[in-house]
Each structure stands twice: as structure tokens, then as C-alpha cells.
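# Structural overview
Residues per chain, in single letters:
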There are 2 protein chains.
Amino acid sequence: MQAVLNTDIYALTDEGLSAGRSTIAVAEAMLMAGIKVLQYREKDKKAGAMLAECIELRRMTRDAGCTFIVNDHVDIAMLVDADGVHVGQEDLPVEDVRRLVGPDKIIGLSTHSPEQCRDAIVRGADYIGVGPIFATRTKKDVCAPVGYEYLEYVVKNHDIPHVAIGGIKLHNVADVVRHGARCCALVSEIVGADDIGAMVHRLRRTMAETR
Amino acid sequence: MQAVLNTDIYALTDEGLSAGRSTIAVAEAMLMAGIKVLQYREKDKKAGAMLAECIELRRMTRDAGCTFIVNDHVDIAMLVDADGVHVGQEDLPVEDVRRLVGPDKIIGLSTHSPEQCRDAIVRGADYIGVGPIFATRTKKDVCAPVGYEYLEYVVKNHDIPHVAIGGIKLHNVADVVRHGARCCALVSEIVGADDIGAMVHRLRRTMAETR
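Counting from 1, residues in each chain are numbered in the order their sequence is written. Working convention: letters from A go to chains and numbers from 1 go to ligands, in the order in which they are written. Two thresholds apply to this predicted model, a pLDDT of at least 70 for residue-level local features and 80 or more for giving and counting side-chain atom pairs, whereas whole-chain, interface and lining totals are computed over all residues. Calculated side-chain values reflect all of the structure's heavy atoms, with hydrogen atoms and water omitted.

## What to know about the overall build of chain A
A run of H or I in DSSP counts as a helix once it spans at least four residues, and a run of E counts as a strand once it spans at least two, with each numbered from the N terminus. From N to C terminus, chain A includes nine helices and eight strands. C-alpha atoms define the radius of gyration in this analysis, and the globule rule sets the expected value at 2.2 Å times the number of residues to the power 0.38. Taken against the 2.2 N^0.38 rule, which gives 17 Å for 211 residues, the C-alpha radius of gyration of chain A at 16 Å falls within 12% of a compact globule. Every one of the 211 residues in chain A was classed for burial, and the buried ones make up 55%. Working rule for contacts: check all heavy atoms of both residues, and any pair within 4.5 Å makes them a contact. Relative to all contacts within chain A whose residues are 6 or more apart in sequence, the contacts with residues 24 or more apart total 59%. To be clear on the numbers: accessible area is Shrake-Rupley with a 1.4 Å probe, and residue cover counts the displayed protein chains and nothing else. For chain A, the accessible area works out to roughly 9,000 Å², and carbon and sulfur atoms hold 50% of it. Burial status follows relative accessibility: with a 1.4 Å probe on protein chains alone, a residue under 20% of its type maximum counts as buried, one over 50% as exposed, and anything between as partly exposed.

Rendered as C-alpha cells:
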């Protein structure tokens, strides 16, 4: 399970930020660029439409050797045999998600403090989201930025795989890596890019040069 | 499974319409009044909070011999061992819900036309919602009222258990029964009543006297 975030970029979908393109089209460009972890996160769609998209994305990600994670909707993740589920602090508890998906699936949990990090480990999360690093408008009900302090706490104290998230862009990703982030999640910077492939390559190069 | 709607009133929760009372308190009053089918439908709560309430409601409904249905959230229904799930036309398809919950659980599907009724039967729904009979403000994304025409079609042509829904109140419930409804769903008229027990008894007496 540790291998799940053994990659530089964790990509998420968000059709509302995709400059008029469909999430399927954006995902296709991401996979062409070599994205190896993709989370399906669409807040304003009905479950039937989400299931249809996830069936397609499951096929595409499997063909591309990309780990496929579904946000929140455990039932949809189960139906499409996704590799995992990502939940927030107010979503279904990790232990309950585990009861549904079984021991072999990946469960990610968003965390915002050292207490939540330790709690995630105890509850059996396979990886944690660490953030928001910066202020972000991608999520509506997000908590205040935790900055680098919490990221550095995680890097220094825990082995659980982490993904830094929240307001990460091309212009600050090197700084996030310098503060210890092994994997960075980006939403708008990738899905909103004119040339998604070029953006992924620039991000990847920037991250590699910083290490 | 046919027995599921072998009752007069199908009650739904909606904390926003409950005059400041919690859904748990309202459900307690409903069960005291002898409600035998209760659907948990809360649109604006996070999944963690919904799960906590459904755990409590599952215990209460089991003690009361009341069928417990969860709206939309198949994962929550599975976690609390609800008796069934209710989905709409744009939610997860009935066949997919069936794959998750198995053959012994109840699946209800909202329908708004003869085509959707026949489709629900083919897909294996255990009962159908029939409506909206009248205009309603309980649901935001609801379709235009279908009036009595569709209800009469269902009653005349199909044996599948049905529940009439949408804008049904004490003042019009007799008329809905006269048009053939065996079971009526009510939301605001019950959860918003000053005296929930008295309202349930008045509804029940009105329906019985009409038959």
C-alpha cells in the first residue's frame, strides 16, 4: 500500500475548473502525460452521472497503470472496483469505509493537524492528505491554511504516505517540495491548464530539480 | 417484499422542515405514533453525521418494528443494515444498487411517468414512488407535478407496490386515496406538525374513512 503515493503528482478532477472540457477529456490528457494517481472528485454531479464517468475512468486508468481513487462515494468506488476511496474529516469514518471496501483497497483521509494525523494512523488510513498548504478556492468548505508547519510535522514524525494539498501551483511547488512534501496534489493548475501535458511535465521537472 | 408498503403512511425525515427539532426527536414521535415505514432523507448533512443518525434510527426502528429506508446513500444503508435504499432517476441505477445490497434488501425508485414505472419493474425495483402528485417545495430539483393521471395509470395497470408522494397534506390526502393510492408519503405535514402523533392519527383516520 505504501507504493500508492510513490509518485510526484496526485491529480484530481474538477469539471467546473476544466475550462469547458469534460472530466473524461481532461483525464485522458493527464494519463497521456503519465499521471499515476488520479482522484475523481466532482461535487455537483448526480450519482448516476458520476457512476457513468467512473466506469469510463476505471477503464482508462487501468489501461494506463494509474491508481484510481474515488472521493467520498464509497458505493461508487465499490461498483467500479476503484483502487481506493478518499474521505474528509466529516465524511464516513475510515473504519466504516474499511468495513465496506475490505483490507486490500486504499483509504485516504484528509488531515489538518498533528492530532488528525495520529488519528488517521490509528484508524488505519493508508495515506493522508496534508493541508491546505495555501488558501484555495477549489473546495468550498475547506478549513484555514495550515501552511508548512503541519507538513513539516508529518514529514519529520510519521512514515504514513502523505500528499500535500491546497493551493499548490507551478510557482510554489518547489517550495512545497523543499519543505519535505514527497507527493503534491494539484487541481486547478492541471485541469485548468491550456496544455495539460505540458503543465504536468513542467511540474514534474520542477519537483525533480528541487530534490 | 410486497409487504413493505403494506401500510398507510410512508414517513420521511427532513430536519430543515422540523420546526427546530432534531430528526431523531421527530422520528421518535413518528414511531410512537405507529409509523411502520420511515425513510431517512437529509440533503444538507455530511456523510459522517448522516451515518451517526442512521445508526441511532436503525436501533429505534428495529425496536419499533418499523421498516427503515435510507435515501440515496447506499454505503450508509449497508453500514447500518437498513432494510432498504430509495433512489431517484438520476441516482445510482437499481441494478447497481442491487449488486451492492443483495437480493434481500428493498430498493425503491422514484418514478414520474408510465415509461419510468415499467422501467422500474424491469430493473427489479421493489416499490416505486409515484409523483409528485402536487407541487412541492420539499425537494429542490423535483420535476413538474404529474397529478392523478400517472397515479391512476399505476393503480390500474401494475401490481408493484407504490407510494404516492409530493405535496400530500391532511387536506388533500383523502382525495389521493380516492384516486387509488394505497400508501402515501408525507414530509412537511408530519415533520413540521406541532403535535406529530396527533397529525399521524388524523391522517390515518382520514385515509381509513375514505377507503
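## Side note on unusual backbone geometry
In terms of backbone geometry, most residues other than glycine have negative phi values and most peptide bonds are trans. Residues and elements named next belong to chain A. Backbone torsion omega between Gly131 and Pro132 reads 0 degrees, so that peptide bond is classified as cis. Structurally, Pro132 is set in the loop between strand E6 (127-130) and helix H6 (147-157). Even without a glycine there, the phi angle at Ala19 is positive, about 55 degrees. On the secondary structure map, Ala19 appears in the loop between strand E1 (9-12) and helix H1 (23-32).

## With respect to the side chain of Ser110 of chain B
Residues and elements named next belong to chain B. Secondary-structure assignment places Ser110 in strand E5 (residues 106-111). According to the relative accessible area criterion, Ser110 is buried, its value standing at 17%. For Ser110, the contacting residues outside a window of four places in its chain are His86, Val87, Gly88, Gln89, Gln116 and Gly129.

## Digging into the pairing of strand E3 (residues 67-71) of chain B
Residue and element names in this part refer to chain B. Of all five residues that make up E3, five are buried, and the element is covered over most of its length. What you see with E3 is no split at all: Thr67, Ile69 and Asn71 on one side and Phe68 and Val70 on the other are buried throughout. We treat two strands as partners when DSSP finds at least two bridges between them. By the bridge criterion, four bridges tie strand E2 (residues 37-40) to E3 in an arrangement that is parallel. Each residue of the ladder has a partner; that of Gln39, found in E3, is Ile69. Think of it like this: strands point away, you trace from the first strand over the helix to the second, and a clockwise trace means the crossover is right-handed. In the classification by handedness, the crossover that spans E2, the intervening helix H2 (residues 47-64) and the parallel E3 is right-handed. The parallel pair E3 and strand E4 (residues 84-87), bridged by helix H3 (residues 74-79), forms a crossover whose chirality is right-handed.

## What to know about the packing of aromatic side chains
Residue and element names in this part refer to chain B. Classification of ring pairs rests on two measures: the distance between centres of Phe, Tyr or Trp rings, Trp counted by its six-membered ring, which must be within 6.5 Å, and the angle between planes, read as stacked under 30 degrees, edge-to-face over 60 and tilted in between. What the rule picks out here adds up to six aromatic pairs over all chains. The interplanar angle of 55 degrees and the centroid separation of 5.8 Å between the aromatic rings of Tyr10 and Tyr127 together place this pair among those described as tilted. Highlighted residues: Tyr10 in strand E1 (residues 9-12) and Tyr127 in strand E6 (residues 127-130), separated in sequence by 117 residues. With a centroid separation of 5.8 Å and an interplanar angle of 85 degrees, the aromatic rings of Phe134 and Tyr148 are classed as edge-to-face. Taken together, the residues span a long stretch of sequence, with Phe134 in the loop between E6 and helix H6 (147-157) and Tyr148 in helix H6 at a distance of 14 residues. Given the relative accessible area of 22%, Phe134 is considered partly exposed. Given a relative accessible area of 18%, Tyr148 falls into the buried group.

## Examining the relation of the copies chain A and chain B
Copy one and copy two of the chain differ by a rotation about a common axis and a shift along it. We place the copies in one frame by least squares, fitting the C-alpha atoms of every residue whose pLDDT is at least 70 in both. Expressed as a screw operation, the relation of chain A to chain B combines 0.0 Å of axial shift with a rotation of 180 degrees, fitting to an RMSD of 0.0 Å. Taken together, the rotation angle and the small translation identify this as a two-fold axis. The position closest to the rotation axis in chain A is occupied by the C-alpha of Asp75 of chain A, lying 2.6 Å away. Take the interface residues of chain A: 100% of them recur as interface residues in chain B, which is what a same-surface contact looks like.

## A closer look at the interface of chain A and chain B
On the chain B side, the residues contacting the 20 residues of chain A number 20 residues. Buried area counts how much accessible surface, traced with a 1.4 Å probe, disappears from two parts once they are put together, with both parts' losses summed. Summed over both sides, the interface of chain A with chain B buries roughly 1,700 Å², with 65% coming from carbon and sulfur. It is Lys46, Asp75 and Leu79 of chain A in chain A that bury the most area against chain B; as a group they hold 35% of the surface buried on that side. We define a salt bridge as a contact between a side-chain nitrogen of Lys or Arg and a carboxyl oxygen of Asp or Glu at a distance within 4 Å. Here chain A and chain B share zero salt bridges between them.

## A closer look at the pattern of salt bridges
Applying the stated criterion to the full structure yields 32 salt bridges over all chains. For Lys45 of chain A, the salt bridge identified is with Glu53 of chain A, shortest N-O distance 2.9 Å. In this structure Glu53 of chain A comes out as buried when scored by relative accessible area, which is 15%. Notably, a salt bridge pairs Glu15 of chain B with Lys45 of chain B, separated by 3.2 Å at the nearest N-O pair. Of this pair, Glu15 of chain B sits in the loop between E1 and helix H1 (23-32) while Lys45 of chain B sits in the loop between E2 and H2, placing them 30 residues apart in sequence. The partly exposed category is assigned to Glu15 of chain B, whose relative accessible area is 28%. When salt bridges with common partners are traced through the structure, they connect Glu15, Glu42, Lys45 and Glu53 of chain A into a single cluster.

## Section: H2 of chain B
Multiply 1.5 Å by the residue count of a helix minus one, and that product is the helix's expected span. For H2 of chain B, built from 18 residues, the straight-helix expectation of 26 Å at 1.5 Å per residue is met to within 8% by its first-to-last C-alpha distance of 25 Å. When H2 of chain B is considered as a whole, its buried residues turn out to be Ala47, Gly48, Met50, Leu51, Glu53, Cys54, Leu57, Arg58, Met60 and Thr61 of chain B. Of the surrounding secondary structure, the elements contacted by the buried residues of H2 of chain B are helix H4 (94-101) of chain A together with H1, E2, E3 and H3 of chain B. Trailing H2 of chain B by a residue or two, Gly65 of chain B shows a phi angle of about 65 degrees, which is positive.

## Describing the packing of H1 of chain B against H2 of chain B
Residues and elements named next belong to chain B. Two numbers describe how H1 lies on H2: the axes approach to 11 Å, and their chain directions differ by 10 degrees. The pairing of H1 with H2 is recorded here as roughly parallel in orientation. Mapping the contact onto sequence places Thr23, Ile24, Ala27, Glu28 and Leu31 in H1 and Glu53, Glu56, Leu57, Met60, Thr61 and Ala64 in H2. Residues that form the contact of H1 with H2 fall into these classes: six nonpolar, two polar and three charged. For helices, the axis comes from a line fit to the C-alpha atoms of the stretch in contact; other axes are also lines fit to C-alpha atoms, and the angle between any two N-to-C directions lies between 0 and 180 degrees. Throughout, the term roughly parallel applies to angles under 35 degrees, roughly antiparallel to angles over 145, roughly perpendicular to angles from 65 to 115, and oblique to all others. Any residue outside Ala, Val, Leu, Ile, Met, Phe, Trp, Tyr, Cys, Pro, Asp, Glu, Lys and Arg is labelled polar, Gly included; the first ten of those are nonpolar and the last four are charged.

## Some words on the packing of helix H5 (residues 114-123) of chain B against H6 of chain B
Residue and element names in this part refer to chain B. In the contact formed by H5 and H6, the axes pass within 10 Å of each other and the chain directions differ by 35 degrees. Relative to H6, H5 is oriented so that their crossing is right-handed. Together, Pro114, Cys117 and Arg118 of H5 and Tyr150, Tyr153 and Val154 of H6 make up the contact between the two elements. Of the residues contributing to the contact of H5 with H6, the split by class is five nonpolar, no polar and one charged. Two helices that cross are described as forming a left-handed crossing if the nearer one is turned anticlockwise from the farther one by less than a right angle, and a right-handed crossing if clockwise.

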